[in-house]
Amino acid sequence: MSSVLALSVNAYAETSASQRYVGIGRDANPAEVAAWDIDVRPDFKGLPKGSGSVEQGQKVWEARCASCHGTFAESNEVFTPIVGGTTPDDIKTGRVASLSDRKQPQRTTLMKVATVSSLWDYIHRAMPWNAPRSLSDDDTFAVVAYLLNLAEVVPDDFILSNDNIAEVQKRMPNRNGMTLKHGLWSSKGQPDVHASACMNNCVPFVQIGSTLPDYARNAHGNIAEQNREYGPYRGADTTKPPLSSLPGSNMVAATAHPKVQTVEDLFKENNCSACHAKSSKLVGPSLIDIANKYRGQAGVEDKLVAKVKAGGSGVWGVIPMPANSQVSDESLHQIVHWILNDQ
């Protein structure tokens, strides 16, 4: 969010917590606001200082991105191609002609995106998909530079930075392609984004009308131990009876007891469980299938650690496994050893 919006949110939170809902909620502290305030606007407000060359971007791309998007961002195997379909004329006009060409086989990211800030912001926040926010600011500048070079927006020796990114925006192929003709309800010829709240006669107090049955309270284990290790909120200790009433204004959120980390925790924390289940195929093979295929082979643990680190495809089908270079070798050895011996 922008700094102005952040201040507005803080002001509303202060009013809500201290005046309207006593004992519920609190103001977000500056560190929490800063952790969320990472977006980059089209006017580049929020963009951090940094730089990255096309050459460096290619190295980061091949290590972290190519397994899903192809070496030249043209792959259609897993995701829609990022680069392709734009021409030098599009860079001059700011409108991608092939968007209106019915013979164009597919719309790529560079054909559609209007602002280079959108590329920077999304890559920095969400990529690689198996390790979001693991790219540094300079790595993100470099990856964006590499993509723009593939689209012939910038030359081979270009270094993208916070100082020249606004000039690069003037060469985005679809920079003039944004439109207000969208699906929002029209109000006096404009999108209806300023409607006033229509709620009235609201009751001042809402009685809770349902409860969790005692037999189901701890059906899935202690909720207090199933939370992220950061943030102010903790689940209720479901091994104990429920509270007889809501906590008062002096109630302090209970902190879950620290849990000893297991190899299975490492497996989940590094998003391995997004693609692999124990006994059934998800995106990738099951852990049992992996163990059965490789168990007992000489040097197999080192071999699989290297494979998981680098990523790749072909052994279990065409869908690639992204690189996991952000995971330490020690953690990878623990995970691979667990897969091979505990399934």
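Presented here is a report on the structure given in the accompanying data block. Values in this document were obtained by computation on a predicted structure and should not be read as measured data. (Residues numbered from 1 in each chain as written. Predicted model: local features only at pLDDT ≥ 70, side-chain atom pairs only at ≥ 80, totals over all residues. Heavy atoms only, no water.)

Quick look at helix H12 (residues 300-310) now. The set of residues buried in H12 consists of Val 300, Leu 304 and Val 305. Projected down its long axis, H12 carries its buried residues within an arc of 135°, all on one side. Within H12, the exposed residues directed more than 90 degrees away from the buried face are Asp 302 and Ala 310. On its buried side, H12 packs onto helix H11 (287-294) and helix H13 (329-341). Remark: Gly 311 follows H12 within two positions and exhibits a positive phi of approximately 75°. (Buried < 20%, exposed > 50% of the residue type's maximum accessible area, 1.4 Å probe, protein only. Helix = DSSP H or I, 4+ residues; strand = E, 2+ residues; numbered from the N terminus. Arc of directions from axis to C-beta. Contact = heavy atoms within 4.5 Å.)

A word on the packing of aromatic side chains. As enumerated under the stated definition, the model contains 3 aromatic pairs in all. Summarising the aromatic geometry, the rings of Trp 61 and Tyr 146 are spaced 6.0 Å apart at their centres and angled 50° between planes, so their arrangement reads as tilted. Taken together, the residues span a long stretch of sequence, with Trp 61 in helix H3 (residues 54-64) and Tyr 146 in helix H8 (residues 137-150) at a distance of 85 residues. Pair check on accessibility: Trp 61 and Tyr 146 agree, each one buried. Its end group placed over the ring of Tyr 294, Lys 293 keeps NZ or CZ at 5.8 Å from the ring centre. Between the NZ or CZ atom of Lys 293 and the centre of the ring of Trp 316, over which it lies, the distance is 5.5 Å. (Phe/Tyr/Trp six-rings, centres within 6.5 Å; stacked < 30°, edge-to-face > 60°. Lys NZ or Arg CZ within 6 Å of the ring centre and 35° of its normal.)

Right, let's get into the environment of His 276. If you trace the backbone, His 276 turns up in the loop between helix H10 (263-269) and H11. Here His 276 falls in the buried class, since its relative accessible area comes to 17%. Measuring from C-alpha to C-alpha, the distance between His 276 and Ile 288 comes to 9.9 Å, with 12 residues separating the pair along the chain. If we skip the residues at most four places from it in the chain, His 276 touches Phe 267, Leu 282, Gly 284, Pro 285, Leu 287 and Ile 290. A polar atom in the side chain of His 276 sits 2.8 Å from the backbone oxygen of Pro 285. (Polar contact = N/O pair within 3.5 Å; in protein donor to acceptor, adjacent residues only side chain to side chain.)

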